[in-house]
Structures are given as C-alpha cells and as structure tokens.
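Listed here are the chains, written in short residue letters.
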Amino acid sequence: LRIESALRNALVRQEFVLHYQPQLDLASGAIVGVEALLRWQHPELGMVSPQRFIGLAEETGLIVPIGAWVMRTACAQAQAWRAAGLPPLRMAVNLSARQFAQPDLVQSIAAVLAETGLPPAGLELELTESLFVDDVARAVALLHELKNLGVALSIDDFGTGYSSLSYLRTFPIDVLKIDRTFVGQIDGDSDQAAIVVSIIALAHNLQLKVIAEGVETAEQLDFLRAHECDQVQGYYFSRPVPAAEFEQLLRT
Ligand code: G
Ligand code: G
Ligand code: MN
Ligand code: NA
C-alpha cells in the first residue's frame, strides 16, 4: 500500500525519468533507434525497477497517466535531438495493455506528435502479443489506425507469448524483437539458437525487420551477424542510460 500511494504521487513529484538504450544496425554499426525505458527515482525507496511497479501501475490504472508522460517525454526528447542536428533516430516506446485499451489511444498519440513536432515515422510503438488476445478484431482495427498515423509498430518479447502466428500476416507490424531469453542462450543451447535463426527467417519472409534484444557478448553478436539479423540492442553496446549520456554516445 505504501508503494501504491508513493506511485500515485510520483508523477506530480517528478520522480520519473526515462533512460535510453541504443539500437544498432548490424551491418553498419550505426545507432538507428533508441528504446525509452521508464525509471522511478523515489527519495526514500531509491531507484525502483519497472519490474516492481509496472504491474501495480497497470492494476491501479496509474499506467495511463504515467504512459502518457512517457510518450510525451520520449517524443519531445527525440525531436530535441533532431533539432540539435543529431542523426534522426526512431524512438521506441513500450505500450501497456491498459494504454492499448484506452478509447482515445490513437488521438492521444497524434496529439503528442503534433505537440512535439516529431515526424510520425520517428516513433515506434512496442507491443506485446498479449495485447492482441482479448479482442483480435479490435486489435487489428487499432493497429491499422496507428499505422495510418505513420508510426512504426513492433512486437516486443517475441516468442514468449501464446498468441497464434497467424496474426503476423493480418496485423500491420514492421518489426519483431526477439526476446532476450533466446538471445542470451545462443551460445550454450542449440535449441535456443535454432529458435533465433527461425525467428529471423520468419521475419524476413514476411518482409519484417528483426531486432535481437539482450545482446551481451561478441559471440552472440557474431552469431546474429552470420544469420543476418537486422538490428541489435543490449548491454554489449550500452545499458539504458540517462538522456545526457545517450547524447554523448550519439556524438562519439
Ligand atoms: O528497463 P527494464 O529492464 O528495467 O524494464 C523492465 C520491464 O519494464 C520491461 O518489460 C519493460 O518493457 C518495462 N518497461 C520499461 N519502461 C516502460 C514503459 O515506459 N512503459 C511500459 N508499459 N513498460 C515499460
Ligand atoms: O520487455 P522489454 O524488452 O521492453 O524490456 C527491456 C528491458 O531489458 C529493459 O529493462 C532493459 O534494461 C533490459 N535489457 C536491455 N539490454 C539488456 C541486456 O543486454 N541484458 C539484460 N539482461 N537485460 C537487458
Ligand atoms: Mn521493450
Ligand atoms: Na523485450
């Protein structure tokens, strides 16, 4: 309960911050994207991990105003970097189930794009397969509306959900993000390696881009390069870092 009331106050007390993790094009090594990741810096509890509060924020509905703050802050940051002359990156923002269920989701994203001036193609929404299972027809319609705005859509944690692969044909998805549990075991476990190779082939056969998450070693990187993965993200390149640090990364 203490953490719940603290969470209720976190927005007005400005205790949230976004960290940013680069996504690199595997062929060129250039940073082409960035994922915004929410952090909660509580004066007494310290840095609270999203694993501890995203679930609670979902249950209480607090994720809606928090998610709106994330969207505005991430888009404003992406546009500020562009205005500063840095290479244009695609900003990836995680969407929760509760946000996905909001009737005004599309309008609220359109409003943030208009307000910040970020071109729609500069925003990517990270969705999980679990968002699609409740009402597939609504999900398909909503994804088309989001696509019509001009934003990119990715499936996060791909391979860990329970939904059918058939949605990949009917949903206007641009990117699959291979879950880090598969990537982390490329070296030791040939079954996990086979899954990674299969997801890359699946993505490419459907004309989708594929990003490997959780890349931590040179061996994993070599494997992904050999199998023509498009983009990589993980501690091997950088942890999620504060905006100023990310900007340094972009300038070097
Ligand atoms: O960055 P970290 O590994 O601590 O994130 C833990 C989990 O929290 C991940 O599943 C990540 O997707 C989720 N997460 C991080 N930032 C956000 C956010 O802004 N919105 C939502 N809905 N989830 C987030
Ligand atoms: O669920 P989602 O993919 O959004 O979660 C992203 C989370 O993964 C972030 O919290 C981020 O801190 C974490 N992460 C990013 N790169 C790595 C990595 O190389 N290894 C591990 N273990 N976690 C990572
Ligand atoms: Mn993500
Ligand atoms: Na993920």
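Structure shown above.
Per chain, the residues get numbers from 1 upward, laid out in the order the sequence is written. Written order decides the labels, with chains lettered from A and ligands numbered from 1. Local features in this predicted model are restricted to residues of pLDDT 70 or higher, and side-chain atom pairs are both shown and tallied only at a pLDDT of 80 or more, whereas totals for entire chains, interfaces and linings draw on every residue. Excluded from the side-chain calculation are hydrogens and water; included are all heavy atoms of the structure.

A. Here's a closer look at the coordination of the sodium ion (ligand 4). Note that water is not among the atoms used; donors are N, O and S atoms within 2.8 Å of the metal (3.2 Å for Na, K and Ca), so sites may look incomplete. Distances from the sodium ion (ligand 4) to its protein donors, namely D156 (OD), D157 (OD), E213 (OE) and E213 (OE), fall within the range 1.9 to 2.7 Å. Irregular is the label for any site that misses the other tests, which are tetrahedral for four donors with all angles between 85 and 135 degrees, and square planar for four donors or octahedral for six when opposite donors exceed 155 degrees and the remaining angles lie between 65 and 115. For the sodium ion (ligand 4), the six donor atoms in the first shell make angles of 50 to 163° at the metal, a pattern classed as irregular. One chain supplies every donor to the sodium ion (ligand 4), and in sequence these donors are spaced D-D-x55-E. Between the two metal centres, the sodium ion (ligand 4) and the manganese ion (ligand 3), the spacing is 4.5 Å, with D156 acting as a shared donor. With D156 in strand β6 (residues 152-158) and E213 in the loop between β8 (209-212) and α10 (218-226), the pair connects residues that are 57 residues apart, well separated along the chain. Secondary structure elements are taken from DSSP: a helix is a run of H or I of four residues or more, a strand is a run of E of two residues or more, and numbering for both begins at the N terminus.

B. Examining the site of ligand 2 more closely. Throughout, near means a residue has at least one heavy atom within 4 Å of the molecule or strand. Neighbouring ligand 2 are 15 residues; D156, R180, E213, E216 and Y235 lie closest to it. Counted as a polar contact is a pair of N or O atoms within 3.5 Å, where, for protein atoms, one must be capable of donating a hydrogen and the other of accepting one, and residues adjacent in sequence contribute only when both atoms are in side chains. Between ligand 2 and E35, the relevant distance is 3.1 Å, taken from an oxygen atom to a side-chain nitrogen or oxygen of the residue. Measuring from an oxygen atom of ligand 2, one finds a side-chain N or O atom of N94 at 3.2 Å. Using the Shrake-Rupley algorithm and a 1.4 Å probe, accessible areas are obtained, with residue cover drawn only from the displayed protein chains. In the complex, the protein chains occlude 78% of the 520 Å² of accessible area that ligand 2 would expose alone. At the level of elements, β2 (31-42) and β6 are the ones that each hand at least two residues to the shell around ligand 2. Each residue is assigned to one of three groups, with Ala, Val, Leu, Ile, Met, Phe, Trp, Tyr, Cys and Pro labelled nonpolar, Asp, Glu, Lys and Arg labelled charged, and all others, Gly among them, labelled polar. Class assignment of the residues belonging to the shell around ligand 2 gives a composition of four nonpolar, four polar and seven charged.

C. The arrangement of the site of ligand 1 in detail. Close to ligand 1 lie L37, L38, R39, P50, Q51, I54, V70, N94 and S96, which account for all nearby residues. Contact between ligand 1 and L38: a nitrogen atom at 3.0 Å from a main-chain N or O atom of the residue. Within the complex, the protein chains bury 77% of what would otherwise be the 510 Å² of accessible surface of ligand 1. Here a cavity denotes grid points, spaced 1 Å and computed from the protein atoms alone, that fit a 1.4 Å probe unable to get out, and a pocket denotes an open set having protein on both sides within 12 Å along at least 5 of 7 lines; residues with an atom within 4 Å of a point are the lining. Criterion for pocket placement: a molecule counts as inside a cavity or pocket if more than half of its atoms are within 2 Å of its grid points. Among the detected pockets, ligand 1 sits in the largest pocket. Counting residues per element, the ones that place at least two in the shell around ligand 1 are β2 and α2 (50-60). The residue inventory of the shell around ligand 1, partitioned by class, reads five nonpolar, three polar and one charged.

D. Fine view of the side chain of H42. Counting through the fold element by element, H42 comes out in strand β2. Using a relative accessible area of 9% as the deciding quantity, one classes H42 as buried. At 2.9 Å, the side chain of H42 forms a polar contact with the backbone nitrogen of L45. Per-residue accessibility, obtained with a 1.4 Å probe over protein chains only, is compared with the maximum for each type, and a residue is labelled buried under 20%, exposed over 50%, and partly exposed between these values.

E. Seen up close, the pattern of salt bridges. One speaks of a salt bridge when a side-chain nitrogen belonging to Lys or Arg is within 4 Å of a carboxyl oxygen belonging to Asp or Glu. Applying the stated rule across the entire model yields nine salt bridges. Across the pair R2 and E44 runs a salt bridge, and its minimum N-O distance is 3.9 Å. Of this pair, R2 sits in helix α1 (residues 2-10) while E44 sits in the loop between β2 and β3 (46-48); the two residues are 42 residues apart in sequence, bridging distant segments of the chain. Both residues of the pair, R2 and E44, count as exposed. Put simply, E35, E126, K177 and E213 are held in one network by salt bridges that share partners.

F. Representation of the coordination of the manganese ion (ligand 3) in the model. Around the manganese ion (ligand 3), the donor atoms from the protein are E35 (OE), N94 (OD1), E126 (OE) and D156 (OD), and they sit 2.1 to 2.4 Å away. Read N to C, the donor residues that coordinate the manganese ion (ligand 3) are spaced as E-x58-N-x31-E-x29-D.

G. Spatial organisation of helix α9 (residues 190-205). Here a helix's expected span is defined as the number of its residues, less one, multiplied by 1.5 Å. For α9, spanning 16 residues, the distance from its first C-alpha to its last is 22 Å, which sits close to the expected 22 Å at 1.5 Å a residue. Among all positions of α9, only Q192, A193, V196, I199, I200 and A203 are buried. The buried side chains of α9 occupy one side of the element, clustering within an arc of 120° when seen end-on. Along α9, exposed side chains directed more than 90 degrees from the buried face belong to S190, D191 and N205. Residues of α9 that are buried in the fold lie against β6, β7 (175-178), α8 (180-183), β8 and α10. Just downstream of α9, Q207 is the residue with a positive phi angle, here 60°. The arc in question is formed by the directions pointing from the helix axis toward the C-beta atoms. By the convention used here, residues are in contact when the closest approach between their heavy atoms is within 4.5 Å.

H. Representation of the nonpolar core within the structure. In plain words, nonpolar cores are sets of buried Ala, Val, Leu, Ile, Met, Phe, Trp, Tyr and Cys residues tied together by side-chain atoms within 4.5 Å. Ranked by internal contacts, the top residues of the largest apolar core, which has 79 residues, are F100, L123, L125, F132 and L224. Ranked by residues supplied to this core, first place goes to helix α3 (residues 63-83) with nine residues. Once residues lying within four places of it in the same chain are set aside, the contact partners of F100 are L95, L105, L127, L131, F132, R138, A139, L142 and L143.

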